[in-house]
Amino acid sequence: MARPWRIQFPDAVYHITARGNNRNPIFIDDLDRRNFLEMIGRAATRFNLEIFAFCLMDNHYHIFLRTPEANLAKAFQWLNTTYTCLLYTSPSPRDRTRP
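Just so you know, the residues in each chain are numbered from 1, in the order the chain's sequence is written. Per-residue local features of the predicted model are confined to residues with pLDDT of at least 70, and side-chain atom pairs are confined, for both listing and counting, to 80 or more; whole-chain, interface and lining totals are unaffected and use all residues. Processing note: side-chain calculations cover all non-hydrogen atoms of the structure and skip hydrogens and water entirely.

### Some details on the pairing of strand β2 (residues 50-56)
Item 1. For β2 and strand β3 (residues 60-67), the ladder comprises six bridges, and the chain directions are antiparallel. Note on β3: the bridge partner recorded for F54 is I63.
Item 2. The criterion for strand pairing is that DSSP finds at least two bridges linking the strands in question. Going along the chain from the N terminus, every DSSP run of H or I of four or more residues is numbered as a helix, and every run of E of two or more is numbered as a strand. Turn length for the β2-β3 hairpin, with the two strands adjacent in sequence and antiparallel, is three residues.

As structure tokens, this is what we get:
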């Protein structure tokens, strides 16, 4: 069963978490983490997010933030899609093991 929709409104404060499919890793190494942090910064600028704290684990992340505008869903759709596309399309000399 899908989780209920989040209620979105201006100046809302959220704790967001997302996990890899089947609990698979979403960050293999520090380069992945740096790329994701860059994406968080871009999302914060693009969607006017106020990021208070974050925690990156191997197979999931947590972000604590405020949305001055009611745009949480758009912001995280962009963040997750952009990071996933970067992860799977960027050439890398590293041996990536992706599901």
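### Overview of the nonpolar core
Item 1. Here the nonpolar core consists of buried residues drawn from Ala, Val, Leu, Ile, Met, Phe, Trp, Tyr and Cys, with membership extended through side-chain atoms lying within 4.5 Å. For every residue, the accessible area (1.4 Å probe, protein chains only) is compared with the maximum for its type, and the residue is labelled buried under 20%, exposed over 50%, or partly exposed between those bounds. Counting residues in hydrophobic clusters, the biggest one holds 23 residues, and the most contacted among them are F36, L49, Y61, F76 and L79.
Item 2. Considering each element in turn, this core owes the most residues, seven residues, to helix α2 (residues 72-89).
Item 3. Once residues lying within four places of it in the same chain are set aside, the contact partners of Y61 are I16, T17, A18, I26, F27, F36, C55, L56, F76, L79 and N80. Whether two residues touch is decided by their heavy atoms; if any such pair falls within 4.5 Å, the residues are in contact.

### Digging into the sheet that holds β2
Item 1. Strand order across the open sheet formed by three strands is β1-β3-β2, with antiparallel pairing between neighbours. Of all the strands in the sheet, just β1 (12-19) and β2 have a single pairing partner and so form its edges. Here the average twist between neighbouring strands, direction ignored, is 10°.
Item 2. Relative to β3, β1 runs antiparallel, the two being bridged by eight bridges. The residue bridging R19 from the neighbouring strand is H60, located in β3.
Item 3. Where helices are involved, their axes are fitted lines through C-alpha atoms of the stretch in contact, as for all axes, and angles between N-to-C directions lie from 0 to 180°. Its contacts with the sheet place α2 against β1 and β3, and it is angled at close to 145° to β3.

### Details of the pattern of salt bridges
Item 1. By definition here, a salt bridge exists when the distance from a side-chain nitrogen of Lys or Arg to a carboxyl oxygen of Asp or Glu is within 4 Å. Under the defined criterion, the tally for this structure stands at three salt bridges.
Item 2. The residue R33 makes a salt bridge to D30 at a minimum N-O spacing of 3.6 Å. Note that R33 and D30 are positioned in helix α1 (residues 30-47) at a spacing of three residues, about one turn of the helix.
Item 3. With a closest N to O distance of 2.6 Å, D58 and R33 form a salt bridge. Taken as a pair, D58 in the loop between β2 and β3 and R33 in helix α1 lie far apart in primary sequence, 25 residues in all.
Item 4. Sharing partners across several salt bridges, the network here consists of D30, R33 and D58.

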